[in-house]
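# What the coordinates show
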Amino acid sequence: MTETVALSTAPSTALLTDHYELTMLQASLADGTAHRRSVFELFGRRLPDGRRYGVVAGVNRLLDALERFRFDEQTIAFLADRGIVDQPTRDWLADFRFSGDIAGYADGEIFFPGSPVLVVESSFAEAVLLETVFLSILNHDSAVASAASRMTWWAGGRPCIEMGSRRTHEEAAVASALAAYIAGFATTSNLEAARRFGIPSAGTAAHSFTLLHDTERDAFVSQVDALGKGTTLLVDTYDLTEAVKTAIEITGPELGAVRLDSGDLPSLAGQVRDQLDALGATKTRIIVTSDLDEYQIAALAPAAVDGYGVGTSLVTGSGYPTCGFVYKLVAREDADGTMLPVAKKSPDKISIGGRKYALRRRSAAGVAELELIGVGERPQDDGDDRELLKPLVEAGKIVGRTTPAESQAHHLKVRDELPRSASQLSRGEPAIPTEYIGDLKTRNPFAPRSAI
């Protein structure tokens, strides 16, 4: 299933922006530079400590936001009432429709420092308006996906359940569920995410359901009667051993799973596994929750655990709730119509001028070796490489949407290209280096400090 509300009738996204985007527009319209051809790029300068790669997510949400980026009557009236921009600017905004081109890394793609995650080519006026909404979507969703990918990698094929809705803003919860699914999570607890994006949802009962009933047995019987023997029973409200015994007395060996939500999870999982096996419930799975992150999931790898429920750490990017993406002008037309590279030179905030093209260089065995970025020219494929920038918008028409299932499949495929060192949770360099070719006017400002 997909979103049932037509995008054309959904709320405008035009004010999901910063005030200065419109004041820059007004000034450039007045001085005649607004219509200069321009290239903006969205990228990150570094990865968080301990991360060897990042994961792009939010591209499809970005395209939806672009389609709804319209200055309707109510929006124009707000701008007029506040005196934010003048009448000529409001007239221009009333007719705004993005008519340029956008290329980008697909949802689920891996990125590194300097990767041109998004390349926007249009007039300055059109591109500058999109900065804030593009950054807000990709910074959030990619942070969640980057954390989620590490979790699913260390889960080693055991399913992960996204259950962080109550730990973040209600709309961020929906976006987080999608980002987690792209990075390999199996299901979400969030029903709006399931409705809006068609991803699988799951859920059974909380401690309050057990506490509601006169006895734990009464709660288990009620849940099994309602949901069947394949349900998951939460067994650590009172006495764990007695709860597991009661659960199997009610369901027999057909019980789907038990959930542990507290305590020393590795040892408790082993204890419960032994008890279940002794009771004949050898196929009953053990699901663990309780503020898990990728480090705890890695530590639980040898334990008798069959699945993980992850909440707070996931929706907050496991300590890094933003990717640090920026959106910079890298080329613009001069008064004679010539495209010129431009770059910021501020200390610690250097950018590289010129339109970028990107390849993932791979070995003959298909292992990623290098992020190869051409400045002003396309790098040459040596036969094993993969182009990273995909057409998303052509002459204003959206052409690059993918489904959540396609994005998840893409992520799992490209993550498998990475060297095994990419899964490490300790501090270190990006999994593969980035190399620039072409008209490069400065050294690589995104290289690890040890390489500069």
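Everything numeric in this text was worked out from a predicted model, so none of it was measured.

## Thoughts on the overall build of the chain
- Counting its regular elements, the chain contains 15 helices and 19 strands.
- Taking 452 residues into account, the globule formula puts the C-alpha radius of gyration at 22 Å, and the chain, at 25 Å, falls close to it.
- Taken over the C-alpha atoms alone, the chain extends approximately 85 × 55 × 35 Å along its principal axes.
- Put simply, the chain has 452 residues, and 52% of those count as buried.
- Counted over contacts in the chain with a minimum sequence separation of 6, partners at least 24 positions apart contribute 73%.
- Just so you have it, the chain exposes about 19900 Å², and 52% of that area is on carbon and sulfur atoms.

## So, the UniProt feature "domain: Nicotinate/nicotinamide phosphoribosyltransferase" (unreviewed entry) in the chain
- Residues annotated in UniProt with the feature "domain: Nicotinate/nicotinamide phosphoribosyltransferase" (unreviewed entry) correspond here to residues 160-331.
- Note that residues 160-331 is 43% helix and 16% strand, and that its end C-alpha atoms are spaced 43 Å apart.

## Observations concerning helix α2 (residues 59-67)
- Restricting attention to buried positions, one finds in α2 the residues Val59, Asn60, Leu62, Leu63, Ala65 and Leu66.
- Considering only its buried residues, α2 is in contact with β3 (101-104), β5 (118-123), α6 (131-155), β17 (390-394), β18 (397-398) and α15 (404-415).

## Structural notes on the nonpolar core
- Val235, Leu260, Val288 and Tyr308 are the most contacted members of the largest nonpolar core, which has 60 residues in total.
- Each of two domains, domain 1 (19-134 + 323-438) and domain 2 (204-303), supplies a minimum of three residues to this core.
- Ignoring anything within four residues of it in the chain, the contact list for Val288 reads Leu260, Leu265, Leu300, Val305, Gly307, Tyr308 and Gly309.
- Within the second largest apolar cluster, 57 residues are counted, among which are Ala14, Leu118, Tyr327 and Ala331.

## Overview of the packing of aromatic side chains
- Scanning the entire structure with this criterion turns up eight aromatic pairs.
- Judged by centre distance (5.9 Å) and plane angle (50 degrees), the rings of Tyr53 and Trp153 are tilted. In this pair, Tyr53 sits in the loop between β1 (37-44) and β2 (54-55) while Trp153 sits in helix α6, placing the two residues 100 residues apart along the sequence.
- Note on Tyr53: relative accessible area 1%, which makes it buried.
- Centre to centre, the rings of Phe71 and Phe96 are 6.3 Å apart; their planes meet at 90 degrees, and the pair counts as edge-to-face. Here Phe71, found in the loop between α2 and α3 (73-82), pairs with Phe96, found in the loop between α4 (87-94) and β3; they are 25 residues apart in sequence, far enough to count as distant.
- Site record: aromatic cluster; members linked through ring pairs are Phe69, Phe71, Trp92 and Phe96.
- Just above the ring of Tyr357 sits the side chain of Arg355; from NZ or CZ to the centre is 4.1 Å.

## Quick notes on the sheet that holds strand β15 (residues 368-375)
- Here four strands make up an open sheet; going across it, the order is β16-β14-β15-β19 and the pairing mixed. At either end of the open sheet lies a strand with only one pairing partner, and these are β16 (386-387) and β19 (434-438).
- Bridge analysis of strand β14 (residues 356-362) against β15 gives seven bridges, and the strand direction is antiparallel. The residue bridging Ala358 from the neighbouring strand is Ile373, located in β15.

## Side note on the sheet that holds β1
- Strand order across the open sheet formed by seven strands is β13-β12-β1-β5-β3-β17-β18, with antiparallel pairing between neighbours. Either end of the sheet is taken by a strand with one partner, and the two such strands are β13 (339-341) and β18.
- Across three bridges, strand β12 (residues 325-333) lies against β13 in antiparallel orientation. Within β13, the residue paired with Ala331 across the bridge is Pro341.
- Relative to the sheet, α2 contacts β3, β5, β17 and β18, its axis offset from that of β17 by approximately 10 degrees.
- Against the sheet, α6 engages β1, β3, β5 and β12, with an angle of about 140 degrees to β12.

## Concerning the pattern of salt bridges
- For the structure shown, the criterion picks out 24 salt bridges.
- Where Glu249 meets Arg217, a salt bridge forms, and the shortest distance between an N and an O atom there is 2.4 Å. Taken together, the residues span a long stretch of sequence, with Glu249 in helix α11 (residues 240-251) and Arg217 in helix α10 (residues 216-227) at a distance of 32 residues.
- For Glu249, a relative accessible area of 46% puts it in the partly exposed group.
- For Arg217, a relative accessible area of 38% gives the class partly exposed.

## A short note on the domain arrangement of the chain
- What the domain assignment lists for the chain is domain 1 (19-134 + 323-438) and domain 2 (204-303).
- Using C-alpha coordinates to define each centre, domain 1 is positioned 46 Å away from domain 2.

Rules used throughout
Residues numbered from 1 in each chain as written. Predicted model: local features only at pLDDT ≥ 70, side-chain atom pairs only at ≥ 80, totals over all residues. Heavy atoms only, no water. Helix = DSSP H or I, 4+ residues; strand = E, 2+ residues; numbered from the N terminus. Rg over C-alpha atoms; globule rule 2.2 N^0.38 Å. Buried < 20%, exposed > 50% of the residue type's maximum accessible area, 1.4 Å probe, protein only. Contact = heavy atoms within 4.5 Å. Areas by Shrake-Rupley, 256 points an atom, 1.4 Å probe, with all protein chains shown as cover. UniProt positions renumbered as here; feature names shortened; annotations may be inferred. Core = buried A, V, L, I, M, F, W, Y, C linked by side-chain atoms within 4.5 Å. Domains from an automatic or database assignment. Phe/Tyr/Trp six-rings, centres within 6.5 Å; stacked < 30°, edge-to-face > 60°. Lys NZ or Arg CZ within 6 Å of the ring centre and 35° of its normal. Pairing = 2+ DSSP bridges. Axes fitted to C-alpha atoms, helices over the stretch in contact; angles between N-to-C directions. Salt bridge = Lys/Arg side-chain N within 4 Å of Asp/Glu carboxyl O.

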